[in-house]
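Coordinate inspection notes
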Amino acid sequence: ILKYFLIIISKMTTKPDSSKMEYRYLGPTGLKVSVFSFGNWVNNEKDKLTVDSVKFCLEHGINFFDTAEMYGFGMAETSLGKAFKELNVQREKIVVTTKIYRSGFDPNDSFLSRKHIIEGLRNSLKNLQLDYVDVVFCHRYDRYTPLEETCRAMNWVINQGLAHYWGTSQWSASQIMEAYKICDKLNLIPPIVEQTHYNLMTRDWVEREYRDLFARYKMGTTVWSPLESGILAGRYLNGIPEDSRFNIKHDGASTNIKPYLDHKKEWDEKLLKLKDIAEKKLNCNLAQLSLAWILVNPDVSTIILGASRVSQLEENVKALEVYKKLDKDILLEIEKILDNVPKGEIDYRDWKELPSRRNIVLGIDYIKSNQ
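So, a few notes on the structure that sits alongside this text. (Residues numbered from 1 in each chain as written. Predicted model: local features only at pLDDT ≥ 70, side-chain atom pairs only at ≥ 80, totals over all residues. Heavy atoms only, no water.)

Describing the overall build of the protein chain
- A count of helices and strands for the protein chain gives 15 helices and 12 strands.
- A globule of 371 residues ought to have a C-alpha radius of gyration of about 21 Å, and the protein chain, at 21 Å, matches this closely.
- Structurally, the protein chain occupies a C-alpha span of about 65 × 55 × 40 Å along its principal axes.
- Across the 371 residues in the protein chain, those meeting the buried criterion constitute 55%.
- Sequence-distant contacts, at least 24 apart, represent 76% of the contacts inside the protein chain between residues at least 6 apart.
- If you sum the accessible surface of the protein chain, you get close to 17,800 Å²; carbon and sulfur atoms cover 50% of it.
- One finds the centroid of the 52 positive side-chain charges in the protein chain at a distance of 2 Å from the centroid of its 50 negative side-chain charges. (Helix = DSSP H or I, 4+ residues; strand = E, 2+ residues; numbered from the N terminus. Rg over C-alpha atoms; globule rule 2.2 N^0.38 Å. Buried < 20%, exposed > 50% of the residue type's maximum accessible area, 1.4 Å probe, protein only. Contact = heavy atoms within 4.5 Å. Areas by Shrake-Rupley, 256 points an atom, 1.4 Å probe, with all protein chains shown as cover. Lys, Arg positive; Asp, Glu negative; His and termini not counted. Charge placed at Lys NZ, Arg CZ, Asp CG, Glu CD.)

A few points about helix H4 (residues 114-128)
- Taking 1.5 Å per residue as the helical rise, H4 with its 15 residues ought to reach 21 Å, and the 21 Å between its terminal C-alpha atoms agrees with that figure.
- Taken as a whole, H4 has its buried residues at His 116, Ile 117, Ile 118, Gly 120, Leu 121, Ser 124, Leu 125, Asn 127 and Leu 128.
- Those residues of H4 that are buried lie in contact with helix H3 (75-86), strand E5 (95-100), strand E6 (133-138), helix H5 (147-159) and strand E7 (163-169).
- Immediately downstream of H4, the backbone of Gln 129 shows phi near 60°, a positive value. (Expected span 1.5 Å × (residues − 1).)

Let's talk about the pairing of E5
- Counting buried residues in E5 gives 6 out of 6 residues, a clear majority hidden from the surface.
- Here E5 shows a buried face lined by Val 95, Thr 97 and Lys 99 and a second buried face lined by Val 96, Thr 98 and Ile 100.
- Where strand E4 (residues 64-66) lies against E5, 3 bridges are found, and the strand directions are parallel. When the sheet's bridge partners are listed, Asp 66 is paired in E5 with Thr 97.
- Since E4 and E5 lie parallel, the crossover through H3 that links them has a hand, and here it is right-handed.
- With 4 bridges connecting them, E5 and E6 associate as parallel partners. Note that in E6 the partner of Thr 97 across the bridge is Val 135. (Pairing = 2+ DSSP bridges. Right-handed = clockwise from strand over helix to strand, strands pointing away.)

A word on the sheet that holds strand E9 (residues 220-224)
- Read around the closed barrel, the 8 strands follow the order E3-E4-E5-E6-E7-E8-E9-E10; overall the barrel is parallel. Pairs of neighbouring strands in the sheet enclose a mean axial angle of 30°, with direction left out of account.
- Packed onto the sheet, H4 meets E5, E6 and E7 and runs at close to 135° relative to E5. (Axes fitted to C-alpha atoms, helices over the stretch in contact; angles between N-to-C directions.)

Describing the packing of aromatic side chains
- Counted according to the given criterion, the structure contains 10 aromatic pairs.
- Both rings, one in Tyr 101 and one in Phe 111, keep their centres 5.3 Å apart while their planes meet at 75°; by these two values the pair is edge-to-face. Separated by 10 residues along the polypeptide, Tyr 101 in the loop between E5 and H4 and Phe 111 in the loop between E5 and H4 bring together distant segments of the chain.
- For Tyr 101, a relative accessible area of 14% translates into the label buried.
- Phe 111 gets classed as partly exposed once you look at its relative accessible area, which sits at 29%.
- Judged by centre distance (3.9 Å) and plane angle (5°), the ring pair of Tyr 180 and Tyr 217 falls under stacked. One end of the pair, Tyr 180, is in helix H6 (residues 173-186); the other, Tyr 217, is in helix H8 (residues 211-217), and 37 residues separate them in sequence.
- In textbook terms, an aromatic cluster arises when at least three aromatic residues are bridged by ring pairs, as seen for Trp 205, Tyr 210 and Phe 214. (Phe/Tyr/Trp six-rings, centres within 6.5 Å; stacked < 30°, edge-to-face > 60°.)

Comments concerning the packing of H3 against H4
- Here H3 crosses H4 at 40°, and the two axes come no closer than 7 Å. Considered as vectors, H3 and H4 are oriented oblique to each other. Together, Glu 77, Thr 78, Leu 80 and Gly 81 of H3 and Ser 124, Asn 127 and Leu 128 of H4 make up the contact between the two elements. (Parallel < 35°, antiparallel > 145°, perpendicular 65-115°, else oblique.)

Observations regarding unusual backbone geometry
- The phi dihedral of Lys 218 falls on the positive side, at around 55°, and the residue is not glycine.
- Tracing the sequence through the fold places Lys 218 in the loop between H8 and E9.
- Positive phi, close to 55°, is recorded for Ser 229, a residue that is not glycine.
- Among the secondary structure elements, Ser 229 is positioned in the loop between E9 and helix H9 (254-262).
- You can call Ser 229 buried: its relative accessible area is 8%.

Right under this line is the structure:
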């Protein structure tokens, strides 16, 4: 009896608890993704943390997991794959993505040639211990490989069953538009999602650069650095601790600190006002308000959360309830505090600037004060 019981237990699989999460379609597809997702860029080599984080995510309905060949040069993918195996995750119930651009330093270990896309993705699947990923991203734009070659290679890996969809990451609107044109001309599968930087203080890409792509192609977005490495959680209002990630050169966090330090007084004044709204009007913390503000934007498919400990994930997912409380009055108050809304389109009938795409959708009539 014990033997058969152990066999049954071994065949049991783990899947997300969908009752605790909200889901959105990923761009123009029928694929549904949780509005919060997990990415293991920050601590890509810590297997126990990855297992604990994936377990927490599944328990709270998160079904989207993001990694990249470049994160630890394969260690992040390997760690995530080990977590899926240890937790016996039901593959069909999760959405797994990776990004291709650099896996080493040999001549063909980088960029978006047909050779590197195909060989890089196969190596990623080996690391992840998976037969396919749901989405493979071009991690950055490759100026040296013909875009047609990249589009054809992405079409090939999808037709071979190595991926279901493909997307871009930190591509300009014109670069993505050119990919759409090539795919349309050659009858290739087009990209369906962009992985981009978006938060309270970084708005131009999503709210201005991509507005025509949303309108024409219903492009999806997976948002990274929603808290700007802790800045928008108020972590550095009282100074930058010595053990902060901003003081660790190798993890890339230093790229986030310069604009903050250049405008620290201005940013901190705004963050303190937002903190006051969070605590007094929404009964939440600044990090949760920052995440909720992103969620309100219907052009956002999912927010990628990273964490150095599971307790951060526990706090962050509570933003799901906060965003439902963000009515027009509170959103307008936040907009006035930020005063950084990207320039909207011009209505040439009267030569007046329109509100941003985000604010039009949300019914907020606000234009930056000095525009």
